[in-house]
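Now for the letters of each chain:
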Amino acid sequence: MTVAKIIAVANQKGGVGKTTTTINLAACIAKAGKRVLCVDIDPQGNTTSGLGVEKDKPVYSIYNVLIDGVTIKDAIVTTVAENLHIVPSRKELAGAEIELVSVVSRETVLKNALKEVDELYDFIFIDCPPSLGLLTINSLTAAHTLLAPIQCEYYALEGISDLMNSVRLIRDRLNPELEVEGVVLTMFDVRTNLSAQVVAEVKKFFKNKVYTTIIPRSVRLGEAPSFGLPITLYDPKCAGAKAYEALAEEFLSKEF
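So, a few notes on the structure that sits alongside this text. Predicted, not measured: the structure shown is a model, and the values here were computed from it. (Residues numbered from 1 in each chain as written. Predicted model: local features only at pLDDT ≥ 70, side-chain atom pairs only at ≥ 80, totals over all residues. Heavy atoms only, no water.)

Okay, unusual backbone geometry next. Of note, the phi angle at Asn83 is positive, near 70°, even though the residue is not glycine. Along the chain, Asn83 falls in the loop between strand S3 (77-78) and strand S4 (84-87). The phi dihedral of Ser105 falls on the positive side, at around 50°, and the residue is not glycine. Relative to the elements of secondary structure, Ser105 occurs in the loop between helix H5 (96-100) and helix H6 (109-114). (Helix = DSSP H or I, 4+ residues; strand = E, 2+ residues; numbered from the N terminus.)

To continue, consider a nonpolar patch on the surface. A contiguous nonpolar surface patch, about 330 Å² in accessible area, is contributed by Tyr154, Tyr155 and Leu194. For Tyr154, the position within the fold is in helix H8 (residues 154-173). Using a relative accessible area of 48% as the deciding quantity, one classes Tyr154 as partly exposed. (Patch = residues over 30% accessible without salt bridge, like charges linked within 9 Å, V, L, I, M, F, W, Y side chains within 5 Å. Areas by Shrake-Rupley, 256 points an atom, 1.4 Å probe, with all protein chains shown as cover. Salt bridge = Lys/Arg side-chain N within 4 Å of Asp/Glu carboxyl O. Buried < 20%, exposed > 50% of the residue type's maximum accessible area, 1.4 Å probe, protein only.)

The subject of this paragraph is the nonpolar core. Formed by 52 residues in total, the largest nonpolar core has its most connected members in Val39, Ile62, Leu110, Leu114, Ile126 and Val202. Take this core: its biggest share by element is six residues, from H8. What Ile62 contacts, discounting residues up to four positions off in sequence, is Val39, Asp40, Ile41, Ile72, Val87, Pro88, Ser89, Leu93 and Leu110. (Core = buried A, V, L, I, M, F, W, Y, C linked by side-chain atoms within 4.5 Å. Contact = heavy atoms within 4.5 Å.)

Once that is clear, we can look at the packing of aromatic side chains. Taken as a whole and judged by the stated rule, the model has five aromatic pairs. Measuring from centroid to centroid gives 5.8 Å for Phe125 and Phe251, while their planes differ by 45°, and the two rings are tilted. Here Phe125, found in strand S5 (residues 123-127), pairs with Phe251, found in helix H12 (residues 239-255); they are 126 residues apart in sequence, far enough to count as distant. With respect to class, Phe125 is no different from Phe251; both count as buried. (Phe/Tyr/Trp six-rings, centres within 6.5 Å; stacked < 30°, edge-to-face > 60°.)

Per the stated rule, a full pass over the model turns up 12 salt bridges. Residue Lys5 is joined to Glu181 by a salt bridge in which the shortest nitrogen-to-oxygen separation is 2.8 Å. In this pair, Lys5 is assigned in strand S1 (residues 5-9) and Glu181 in strand S7 (residues 179-186), connecting sequence segments 176 residues apart. Given a relative accessible area of 21%, Lys5 falls into the partly exposed group. Since its relative accessible area comes to 9%, Glu181 is described here as buried. The shortest N-O distance in the salt bridge between Arg90 and Glu92 comes to 3.5 Å. Given the relative accessible area of 10%, Arg90 is considered buried. A residue is classified by how much of its surface remains accessible, and Glu92, at 31% relative accessible area, is partly exposed. Here the salt bridges do not stand alone but share partners, grouping Lys5, Glu181 and Glu255 into one network.

What follows deals with the state of the cysteines. Note on terminology: disulfide describes a covalent bond linking the sulfur atoms of two cysteines. For the coordinates displayed, the defined rule picks out zero disulfides. We note that Cys238 lacks a disulfide partner, and the nearest cysteine sulfur, in Cys28, lies 10 Å from it. With relative accessibility at 9%, the residue Cys238 sits in the buried group. (Disulfide = S-S within 2.5 Å.)

Where burial is concerned, most of helix H7 (residues 134-142) is hidden: nine out of the nine residues are buried. Within H7, burial applies to Leu134, Leu135, Thr136, Ile137, Asn138, Ser139, Leu140, Thr141 and Ala142.

Right, let's get into the pairing of S4. Note that strand S2 (residues 36-40) and S4 share four bridges and pair parallel. Bridging across to S4, Leu37 finds its partner in His85. In the sheet, S3 pairs with S4 via two bridges, with the strands oriented antiparallel. Paired with Thr78 across the two strands is His85, which belongs to S4. (Pairing = 2+ DSSP bridges.)

Structure (structure tokens):
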């Protein structure tokens, strides 16, 4: 039995399209017939609501797995997309950073929990908070690879070195196997020179780790989460949907 590849979707800068990428890439990969699990470890819970799960409906959330010892199997719920399940987040997760401080082997709680289900899925995507607290550290310790969405704006370049420093720290101390899966350029605006400059700079820094597919700025991508739908179910013909379909294809072509 093959074991799921675990991918942490992370960037210490907020507003980079991290949750949008988690939802839509996971949904497109599930649409291609792969068994996919999303783990929403961001207290904001946007991946949870963006996949049509009401935050207060499930009996258990990722908080109960990390803090109360609930098995992760009991926290998994189905989503609006076929082949795609999620371990939801709820607002009490915001306190988990403090509660985890006193836990033995606190950095590996998520890693150990995921061992129960890693044979049930092909891919597990973890949507991380935009900071390097214990929740993100747990995610990067559990993951095989890091997928970093970077928006095509000036300040994005400042966050790259912070992100790579974090990767080095995790590799040195907790997870020597952690690799960079790839960098997804998001919110590309064809009307600006700046977007093109950022693309060039990111490619210079990450070289062949940058996906060829670039996600455009899209009103429809912004609207879809408020309807609890991935873009492929909300507006499958829009530019954003086509971009994530292409990204999923590119992602899978590197795996198989």
